Amino acid sequence: MNTLNNTRRPQRHLNLPMAWIGVVLLAVLVAVGLARWSGLDPRSPDAAVQWQRALHFADLPGGDINVLDADSRQSVARFSGEQGFLRSTLRALARERQREKIGTEAPFLLIGRTDGRLTLLDPATQQRIDLESFGPSNAAVFASLRLAGTSPSAPVAR
């Protein structure tokens with residue numbers, strides 16, 4: 001008796017749920033690819049500008065950051081200490097200016113929108129940072145600059 005003829009090869013069965021998951025994933029990838037290829041912009045349009053303020057930021061020798069109103073050239077705020085979010089945000093915009101070989105003459109625009117969102121825009125490079133994306137405490141650092149130096153009270157110091 002020949003045992004080779006009696007052995008059965010294991011059959012592979014298609015796992016139906018896994019096949020459907022694969023089909024759905026493939027469909028999603030195709031849909032995303034078509035949307036990107038067609039130029040569809042996934043961002044929602046910006047709300048109308050409610051207010052804006054042009055500001056210059058200057059590093060001081062002691063490591064502080066001085067904020068100047070671009071129109072009056074008056075100091076409106078001074079930030080001391082680490083100020084991680086403020087520094088990293090400004091560094092990202094300054095890096096883009098250096099990459100494009102643009103000077104520091106042009107001010108940054110701090111823009112408040114009607115929906116409450118806050119944007120820091122560099123008109124020289126068209127780079128923008130939507131500050132609300134980083135949480136309310138980080139956005140508040142820049143929100144404090146809206147009226148800083150416009151009233152008789154002392155400038156913002158942190």
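What counts as what
- Residues numbered from 1 in each chain as written.
- Predicted model: local features only at pLDDT ≥ 70, side-chain atom pairs only at ≥ 80, totals over all residues.
- Heavy atoms only, no water.
- Helix = DSSP H or I, 4+ residues; strand = E, 2+ residues; numbered from the N terminus.
- Contact = heavy atoms within 4.5 Å.
- Buried < 20%, exposed > 50% of the residue type's maximum accessible area, 1.4 Å probe, protein only.
- Arc of directions from axis to C-beta.
- pLDDT = per-residue confidence, 0-100.
- Phe/Tyr/Trp six-rings, centres within 6.5 Å; stacked < 30°, edge-to-face > 60°.

Participant: I'm lost on the side chain of Thr-89 in this one. Help?
Facilitator: The topology assignment puts Thr-89 in helix H2 (residues 84-99). Beyond its immediate stretch of four places on either side in the chain, Thr-89 contacts Leu-120, Ile-129, Leu-131 and Phe-142.

Participant: Teacher, can you tell me more about helix H3 (residues 136-143) here?
Facilitator: An α-helix turns once every 3.6 residues. As a result, residues three or four positions apart point the same way. All buried positions along H3 are accounted for by Ala-139, Val-141 and Phe-142. Axial view of H3: buried residues confined to an arc of 140°, hence all on one face. Within H3, the exposed residues directed more than 90 degrees away from the buried face are Pro-136 and Ser-137. Packed against the buried residues of H3 are strand E1 (49-59), strand E3 (75-79), H2, strand E4 (108-113) and strand E5 (118-122).

Participant: Would you mind going over the confidence of the model for the protein chain with me for this structure?
Facilitator: Reading fine detail from the predicted coordinates is not recommended where pLDDT is low. Considering every residue of the protein chain, the mean pLDDT works out to 80; 83% of them sit at 70 or more. Of all secondary-structure elements in the protein chain, the lowest mean pLDDT belongs to strand E7 (residues 156-157), at 48, while E4 reaches the highest, 90.

Participant: How do you make sense of the packing of aromatic side chains when you look at a structure like this?
Facilitator: Aromatic rings considered in pairs are described by the distance between their centres and by the relative angle of their planes. According to the stated counting rule, one finds four aromatic pairs in the structure shown. Ring centres 6.0 Å apart and planes at 50° place the aromatic pair Phe-57 and Phe-108 in the tilted group. Taken together, the residues Phe-57 in strand E1 and Phe-108 in strand E4 connect sequence positions 51 residues apart. Here the two residues Phe-57 and Phe-108 agree in accessibility, since each one is buried. Seen in terms of ring centroids, Phe-85 and Phe-134 are 5.2 Å apart; in terms of plane orientation they differ by 50°. Their pairing is tilted. With Phe-85 in helix H2 and Phe-134 in the loop between strand E6 (127-130) and H3, the pair connects residues that are 49 residues apart, well separated along the chain. Taking relative accessible area as the criterion, Phe-134 reaches 45% and is therefore assigned partly exposed.

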